[in-house]
Amino acid sequence: SISYRNGQGMKKLIFYFTLGYLMEYASIFSSEILITPSYTAKHELVKFYRVDPKKIRVIHNGIEIPKYIPSKERARRILGLPEDKIIILAVGRHIPHKRYDLLIEAVAKLERRLRDRIYVIISGHGPQAPFFKLLVKKYNLDDAVHFTGWLSREKLWLHYSAADIFVLSSDTESAPISLLEAALTDNAIVSTLVGDYALMMKNRVHGILIRPGDVASLVNALEELITDKNLREKLSKKSKEFAALFSWERIAMKTINVYREVLKDK
C-alpha cells in the first residue's frame, strides 16, 4: 500500500507510472533470464508484459532457519499460553482474501467438547481486524479465539513453536512464507489449495489441503487433527521435511545454477 502523507506517496505513484515503469520494462526485456519468486509472478510477467515463458525461472524465497527453536512447552511458558490446549495458529494481514472469517466460522461449527480443547490465535492486523473481532463476539468465541496484533519476529517464532496446528485459509496467495515457517516448527498444516507451496504439497502427507472457501472441509480437518494426536505428529514431521526443501542454501544453489546457465555460452 502507498501512504500519501506529506505527498511522498503521490511522488512514488507518479514515478512508478512514468520513469519507474519504463525502467522496469527496459530491465525485463534487456535481461536474458528473469528470476521470479513464484509461479503467480511468472504468470503475471507472461500475461501483462508478454514475456516468453522460456525466459523465466521460478526460484522460491528461502526460509531462514533460526539457530534455536524452543520446545512447544518452553514456548508456551514464555508466552503465557495454556499448556493443556491444542493451539491453532493463523498468521498474516487482516485483509479480505486471507479469509479469517472462514477459520472463525469453522471454529464456531465445532462441537463444544472440541472447542473446549483448543486455543486459537490469529496474529497480524489490517483493515478487516474489527470485522473479524465482531465475528468472534457474534459466535461467542471469546474463550476460544484470541488476537495478538502484529508480532515481532522473535515473538512470531515463539508462537510458531508453541502451536500444534497452522491454518492458512486464504482465497488467493502467491508463495506465503508463513506456511513454511509454521511447517518448520512442527505444526500440522491445514491449507487451502492456493499459492505455490500448498500446490506443491501432497494432501494428507505434508498437510491437509482443502478447497478455498470450503468451511465444511475446514471443520472436518480441524475435527480430525484435534482428536487424532498421531495424525498431527505424522503431518508435522512431513511438513517439516517439506519446509527444509526451501532452506537458503538450496535456494542459493538454484540461483547459482541460473547464473551458470547464462554464462556458459559467454
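Further up the page is the structure itself.
**Things to note about the packing of aromatic side chains**
Next up, step 1: Using the criterion set out here, one finds six aromatic pairs in the structure.
Next up, step 2: For the ring pair Y100 and F132, a centre distance of 5.6 Å and an interplane angle of 80° mean the geometry is edge-to-face. Note that Y100 is positioned in helix 4 (residues 100-109) and F132 in helix 6 (residues 129-138), a separation of 32 residues in sequence.
Next up, step 3: Of the residues examined, Y100 reaches a relative accessible area of 2% and is grouped as buried.

**Digging into the side chain of R99**
Next up, step 1: Its location among the elements puts R99 in the loop between strand 3 (86-90) and helix 4.
Next up, step 2: Dropping the residues within four chain positions of it, R99 is found in contact with S169, S170, D171 and G213.

**Some remarks on the pattern of salt bridges**
Next up, step 1: Enumeration according to the criterion identifies 15 salt bridges in this entry.
Next up, step 2: Across the pair D143 and R112 runs a salt bridge, and its minimum N-O distance is 3.0 Å. Residue D143 is found in the loop between helix 6 and strand 5 (145-149), and its partner R112 is found in helix 5 (residues 112-115); the two are separated by 31 residues along the sequence.
Next up, step 3: Each of R99, D101 and D171 takes part in a single network of salt bridges with overlapping partners.

What counts and how
Residues numbered from 1 in each chain as written. Predicted model: local features only at pLDDT ≥ 70, side-chain atom pairs only at ≥ 80, totals over all residues. Heavy atoms only, no water. Phe/Tyr/Trp six-rings, centres within 6.5 Å; stacked < 30°, edge-to-face > 60°. Helix = DSSP H or I, 4+ residues; strand = E, 2+ residues; numbered from the N terminus. Buried < 20%, exposed > 50% of the residue type's maximum accessible area, 1.4 Å probe, protein only. Contact = heavy atoms within 4.5 Å. Salt bridge = Lys/Arg side-chain N within 4 Å of Asp/Glu carboxyl O.

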